[in-house]
Amino acid sequence: PIRLFPFADKVAVGVTLAAMLAACLRPALPTCPATGFDAPAAGTGKTLLAKCIGALATGGDVAVLPPTNEEDECRKRLFAALRGGSKVLLWDNVREPLGNSVIDSFLTSSLFADRVLGVSENVELPNRALFLVSGNNLVLTGDTHRRILLARLDAQIETPFKREFEFDPLAEVCNNRQALVVAALTIVRAYIAAGRPKAAKGRIASFELWDDLVRQPLCWLRERMAESGRDMADLPAFVDPAESIDRAASENPETSKLAALLNAWVTTFGTTPTSPAQAIAKANELNGAHSVLFDALDEIAGQNSKLNVRILGRWLERHSGQLCTGLRLVLANKTNGLKRWTVVRTVERAATDKATATVARVAPSCEIQD
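Now for a look at the structure at hand. Note that this is a predicted model, so its numbers are computed, not measured. (Residues numbered from 1 in each chain as written. Predicted model: local features only at pLDDT ≥ 70, side-chain atom pairs only at ≥ 80, totals over all residues. Heavy atoms only, no water.)

Attention shifts here to the overall build of the chain. Each helix and strand in the chain was counted, giving 13 helices and 12 strands. If you line up the chain on its principal axes, its C-alpha atoms span 75 × 70 × 45 Å. When each of the 370 residues of the chain is scored for burial, the buried share is 43%. Taking the intrachain contacts of the chain between residues at least 6 apart in sequence as the baseline, contacts between residues at least 24 apart amount to 71%. For the chain, the accessible surface area stands at approximately 19300 Å², while carbon and sulfur atoms represent 51% of it. Distance from the positive charge centre (43 side chains) to the negative charge centre (41 side chains) of the chain: 6 Å. (Helix = DSSP H or I, 4+ residues; strand = E, 2+ residues; numbered from the N terminus. Buried < 20%, exposed > 50% of the residue type's maximum accessible area, 1.4 Å probe, protein only. Contact = heavy atoms within 4.5 Å. Areas by Shrake-Rupley, 256 points an atom, 1.4 Å probe, with all protein chains shown as cover. Lys, Arg positive; Asp, Glu negative; His and termini not counted. Charge placed at Lys NZ, Arg CZ, Asp CG, Glu CD.)

This brings us to the nonpolar core. Core analysis: the largest hydrophobic core is formed by 51 residues, its most contacted members being F7, I53, L130, L132 and W210. Element by element, the count of residues in this core is highest for helix α1 (residues 10-25), at 13 residues. Non-local contacts of L132, meaning those with residues more than four positions away in its chain, are made with T35, F37, A50, I53, G54, V88, L89, L90 and W91. Core analysis: the second largest hydrophobic core is formed by 26 residues, A264, F294, I300 and L316 among them. (Core = buried A, V, L, I, M, F, W, Y, C linked by side-chain atoms within 4.5 Å.)

Moving on, we get to the sheet that holds strand β6 (residues 130-136). Read from one edge of the open sheet, five strands run β2-β3-β6-β1-β7, paired in parallel fashion. Each end of this open sheet is capped by a strand with a single partner; those strands are β2 (64-65) and β7 (148-152). The sheet contacts of helix α2 (residues 46-58) involve β1 (34-39), β2, β3 (88-91) and β6, and relative to β6 the element is tilted by about 170°. Running over the sheet, helix α3 (residues 71-83) touches β2, β3 and β6 and is turned about 145° from β3. (Pairing = 2+ DSSP bridges. Axes fitted to C-alpha atoms, helices over the stretch in contact; angles between N-to-C directions.)

To continue, consider the sheet that holds strand β11 (residues 327-335). Two pairing modes exist for strands in a sheet, parallel and antiparallel, and in both the strands are linked by backbone hydrogen bonds. Strand order in the open sheet formed by three strands is β10-β11-β12, and the pairing between neighbours is antiparallel. Since the sheet does not close on itself, it has two edges, and those belong to β10 (323-324) and β12 (338-345), each with one partner. Strand direction decides the pairing type here: β10 and β11, joined by two bridges, are antiparallel. The partner of C324 across the bridge, within β11, is L327.

One non-glycine residue, S206, lies in the positive phi region at around 80°. Residue placement: S206 occurs in the loop between α6 (177-193) and α7 (208-228). Its relative accessible area of 23% is what places S206 among the partly exposed residues. Residues other than glycine seldom take positive phi values, yet T325 does so here, at roughly 50°. You can see T325 is positioned in the loop between β10 and β11. Look at T325 and you get partly exposed, because its relative accessible area is 41%.

Taking 1.5 Å per residue as the helical rise, α7 with its 21 residues ought to reach 30 Å, and the 29 Å between its terminal C-alpha atoms agrees with that figure. A bend of about 30° at R215 is the largest found in α7, and the proline P217 appears one to four places after it. Listed as buried for α7 are W210, D211, L213, V214, R215, Q216, P217, L218, C219, W220 and M225. (Expected span 1.5 Å × (residues − 1). Bend = angle between axes of the 7 residues up to and from the residue.)

The full count for this structure, using the stated rule, is 12 salt bridges. R215 is the partner of D211 in a salt bridge, and the nearest nitrogen-oxygen pair spans 2.9 Å. Of the two residues, D211 and R215 are both situated in helix α7; the distance of four residues between them amounts to about one turn of the helix. In this structure D211 comes out as buried when scored by relative accessible area, which is 0%. The buried category is assigned to R215, whose relative accessible area is 3%. (Salt bridge = Lys/Arg side-chain N within 4 Å of Asp/Glu carboxyl O.)

Moving on: the pairing of β1. Of all the six residues making up β1, six are buried; the element is thus mostly covered by neighbouring parts of the structure. The alternating pattern of β1 places A34, G36 and D38 and T35, F37 and A39 on opposite faces, both of which are buried. Both β1 and β7 contribute to a ladder of five bridges, which runs parallel. Within β7, the position partnered with A34 by the bridge is I148.

Right under this line is the structure:
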């Protein structure tokens with residue numbers, strides 16, 4: 001039923017197939033990553049594809065929920081949906097960068113608790129809902145990027161909403177749901193009967209059973225397809241859906257900010273312990289020279305055309321110890337409440353920097369002889 005959707009690459013196909021298996025297995029999975037469908041333009045089929053996945057879980061069309069990043073409202077909507085017995089939660093047409101602590105905990109918890117409106121009582125609900133998201137050019141922030149697998153659609157035309165199709169994919173899912181679910185369970189059963197071979201490297205934390213019963217069977221199936229020798233022209237090419245997590249990590253705005261700051265910090269201060277106020281003073285001093293340090297700090301702590309020391313200090317604390325581009329920020333010392341930070345290199349990064357410095361030192365002395 002998904003054969004006519006314009007998947008951008010093999011990662012998108014793998015993520016969508018994983019979502020189809022997860023839709024059939026969700027009641028048995030304590031936790032399950034969400035699936036996001038994005039595209040460069042409206043009308044590409046994101047919501048329709050999400051509804052097709054949802055129909056595998058429910059047998060019919062699914063309602064959409066208006067998205068929100070405001071944590072209190074987000075908690076209320078998710079709790080109300082679970083309390084109402086929703087099997088599928090579809091956040092449609094997300095326009096802002098998506099990510100907050102409520103979504104993070106919702107996706108990695110088998111139980112979800114909140115206070116019932118109008119009553120001073122906390123209620124704990126089992127969480128077996130399939131979480132789906134759609135939007136144009138979705139951006140995942142913070143830790144949410146590893147909890148939502150992204151499948152990108154791209155029709156590569158200016159008006160994708162004018163396309164015509166020979167069948168209705170949602171109707172096909174609903175009319176053939178039993179056969180599709182049987183096919184999904186057959187894949188999983190075949191994988192179990194084969195002895196559960198390890199087909200994909202690593203294991204996705206917080207979603208261990210999903211990894212065992214969705215990701216591994218898909219990767220095993222991909223290997224079987226490659227080994228069979230049969231004509232595979234009618235079968236979709238796909239890769240490990242977990243590659244979506246790696247891609248999202250590299251595109252995470254917070255990761256980009258951290259990489260820029262660490263490299264600018266170590267270039268400017270070396271290993272000298274430096275406070276947020278000292279870093280800002282140095283950045284302001286160098287700003288006229290188009291300082292990369294100023295640019296990095298401005299992305300993090302810029303406020304009303306100035307660098308805010310408190311915002312920077314909180315941001316540094318939040319990212320303390322996080323490894324990025326072979327560098328990590330560590331607390332060097334704390335005197336009278338004043339924290340000073342330094343950036344340290346990993347062994348691999350130190351070796352790379354040393355080799356680069358050697359090449360830079362030797363290269364100027366090399367001359368071409370006639």
